[in-house]
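Okay, here's what each chain looks like letter by letter:
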Amino acid sequence: METDCTRDDVPVKRPEPLPAGTRLLHIGPHKTGTTSIQGALFAAKDQLPVHGVEFPAHTRHPMEAALAACARPAMMGDVVPTDRHWTNLVKQVEATGRRTSVVSSEFFADAEDEATVARIVGQLGGDRVHVLVTLRPLARIMPSQWQQYVQNGLRMGYEDWLRHMLRKAPYEQPTPSFWRRHGHDRLVERWAEVVGPRRVTVVVVDDRDREGLMRTFEALLGLPENLLQPVPDTANRSLTLAETEMLRNLNKEFRGNGLPDELYSRLVRNGAVMHMKNACSPTPQDVKISTPAWAVEAAAARAAGMAERIARTGVRVLGDPALLSVVPASPSPASGEARIAPEVAAQALYGALAAAAEAPVRHANPAKARTVHQTSSKELVKVLGHRCLRKLRRH
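This one's a predicted model, so the numbers in the text were calculated from it and none came from an experiment. (Residues numbered from 1 in each chain as written. Predicted model: local features only at pLDDT ≥ 70, side-chain atom pairs only at ≥ 80, totals over all residues. Heavy atoms only, no water.)

Remarks on the overall build of the protein chain
The criterion, for reference: Per the convention used, a helix needs a DSSP run of H or I reaching at least four residues, while a strand needs a run of E reaching at least two, with both numbered from the N terminus. For the exposure calls, accessible area comes from a 1.4 Å probe over protein chains only, and a residue counts as buried if that area is under 20% of its type's maximum, exposed if over 50%, partly exposed in between. Two residues qualify as a contact provided that any one of their heavy atoms is within 4.5 Å of a heavy atom in the partner residue.
Broken down by element type, the protein chain carries 14 helices and 7 strands. Burial status across the protein chain gives 49% buried among its 395 residues. For the protein chain, the share of sequence-separated contacts (at least 6 apart) that also reach a separation of at least 24 residues comes to 81%.

Re the packing of aromatic side chains
Basically, it comes down to this: Any two of the Phe, Tyr and Trp rings considered here, Trp counted by its six-membered ring, make a pair once their centres fall within 6.5 Å; the pair's planes then place it as stacked at under 30 degrees, edge-to-face at over 60, or tilted in between.
Taken as a whole, this structure holds 8 aromatic pairs when the rule is applied. An angle of 55 degrees between the planes, with centres 6.1 Å apart, marks the rings of Y149 and W161 as tilted. You can see Y149 sitting in helix α5 (residues 138–150) and its partner W161 sitting in helix α6 (residues 158–166), a full 12 residues away along the chain. Of the two residues, Y149 and W161, both sit in the buried class. Considering the side-chain rings of F254 and Y264, the 5.2 Å spacing of their centres and the 80 degrees angle between planes classify their relative orientation as edge-to-face.

Examining the confidence of the model for the protein chain
Keep this limit in mind: Along the chain, pLDDT gives the predictor's confidence residue by residue, from 0 to 100.
Counting all residues, the mean pLDDT for the protein chain is 88, and 85% of those residues have values of 70 or more. In this model, residues 360–377 is a region of pLDDT below 50 whose contacts with residues beyond four sequence positions or in other chains number 11 contacts.

What about the nonpolar core?
Note the following rule: Buried Ala, Val, Leu, Ile, Met, Phe, Trp, Tyr and Cys residues form a nonpolar core when they are joined through side-chain atoms within 4.5 Å.
W86, F108, I120, W191 and F217 are the most contacted members of the largest nonpolar core, which has 63 residues in total. No other element matches helix α2 (residues 63–69), which puts 6 residues into this core. Discounting chain neighbours no more than four positions away, the residues touching I120 are L25, A69, C70, W86, F108, A111 and W191. If you look at the next biggest cluster of nonpolar residues, it comprises 40 residues, including A139, W146, M156 and I289.

Details of the side chain of R269
Here is the rule we go by: Distance and chemistry together define a polar contact, namely a pair of N or O atoms within 3.5 Å, with one atom able to donate a hydrogen and the other to accept it when in protein, and with adjacent residues in sequence counting only for side-chain atoms on both sides.
Topologically, R269 is positioned in helix α11 (residues 261–279). A polar atom in the side chain of R269 sits 3.4 Å from the backbone oxygen of Q151. The residues contacting R269, other than those within four sequence positions of it, are M75, M76, D78, Q151, N152, Y264 and M274.

Let's talk about the packing of helix α4 (residues 114–124) against helix α8 (residues 184–195)
Stated formally: Orientation is described by axes fitted as lines to C-alpha atoms, over the contacting stretch for helices, and by angles from 0 to 180 degrees between their N-to-C directions. In these notes the angle categories are as follows: under 35 degrees is roughly parallel, over 145 is roughly antiparallel, 65 to 115 is roughly perpendicular, and the rest is oblique. Left-handed describes a crossing in which the near helix is turned anticlockwise from the far one by less than a right angle; the clockwise case is right-handed.
Following both chains from N to C, one finds α4 and α8 inclined at 55 degrees, their axes separated by 9 Å at the closest point. Considering the angle they form, α4 stands oblique to α8. For the element pair α4 and α8, the recorded crossing hand is right-handed. Across the interface between the two elements, E114, V117, A118, I120 and V121 from α4 touch R186, R190, W191, E193, V194 and V195 from α8.

Some points on the pattern of salt bridges
In a structure, side chains of opposite charge can pair up when their charged atoms sit close to one another. Cut-off, in case you're wondering: Between Lys or Arg on one side and Asp or Glu on the other, a salt bridge is scored when a side-chain nitrogen of the former is within 4 Å of a carboxyl oxygen of the latter.
Evaluated as defined, the whole model comprises 18 salt bridges. Of the charged contacts, one joins E112 and R72 as a salt bridge, the two residues approaching to 3.1 Å between their closest N and O atoms. With a gap of 40 residues between them, E112 in the loop between β4 (100–104) and α4 and R72 in the loop between α2 and α3 (83–94) connect regions that are remote in the sequence. On the basis of relative accessible area, E112 is assigned to the partly exposed category, the value being 47%. A single network of salt bridges, built from pairs that share partners, joins E114, R186, E189 and E193.

This is how it looks when you write it as structure tokens:
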């Protein structure tokens, strides 16, 4: 194992560029700086060819293509990924010819077995593919991943979810994708078994160095330093505890009323939540999602074991593996009560209304309609939801 460790008192060695013509496949997993690097690569898309590098995807993140390649479903209510999404990306990669290219999607980490990995690697270029895995401390990933699951409809509270992930074997419910993505040792092993350890690089992200991941990508791709720059993306910020709890309770109501998934995608995730993220920035007074000490220690212990097993695979590791299992001296508990600010709630409501306004609801047939006072609130919500959905599908 080759290790380039980041230390405050020693200059960080810049890794050697990968061979020209490499197809660099960044597989995440989730919550390891993927969105920031995808945004920086896409923003520099027109500058990369000058340096012999191509970013072949037509969007910042070819999520549907990665989901299709791994035979995974879309997020709740989103466009269903098809083979066409994947074959289009493969054609875009093939069009780069002998030049170096880079593809990044954390959803490649959802590939469940070596057969799927082998097919993906084979179609992207076989022995030209070099796999890049980015890792962060598991204890830091867990709160971010939980609130992301809530944005996809999860109704379980944080501590209950932690107990299921860390204490309730086989640790698969209610989110079976978590350990498929974040069993980092098995993730690295799956891909190394297909491409060989010499064609896998693991980057340990140091949260103290906010642009370190950008510099590592530049070095591996042979790009000038500081070409890749962060792109502000408020839509990717994590939710506060109050925002997450508001959404989690909305998820309960949504499921309880049997509304369609497509409506959730349009009005909730891409309406209310997206607008709230863009319009409202967290303040120092907002209560953050806090992981209890027992879960931090359990996550750190698992991460230490994973780091040891990754070392035995023989893959190259850039960064300090010890960072993956650092336990904070005293995990800070949530201070104060998590309350949603009125202006935040208003922005969320406005986001949902704005999304619904793109397909206004017409009045029902008067001959068949009952008055509002003759209809239960639960029935009204369900009827409104289905009417909105019919209109949304016509757009």
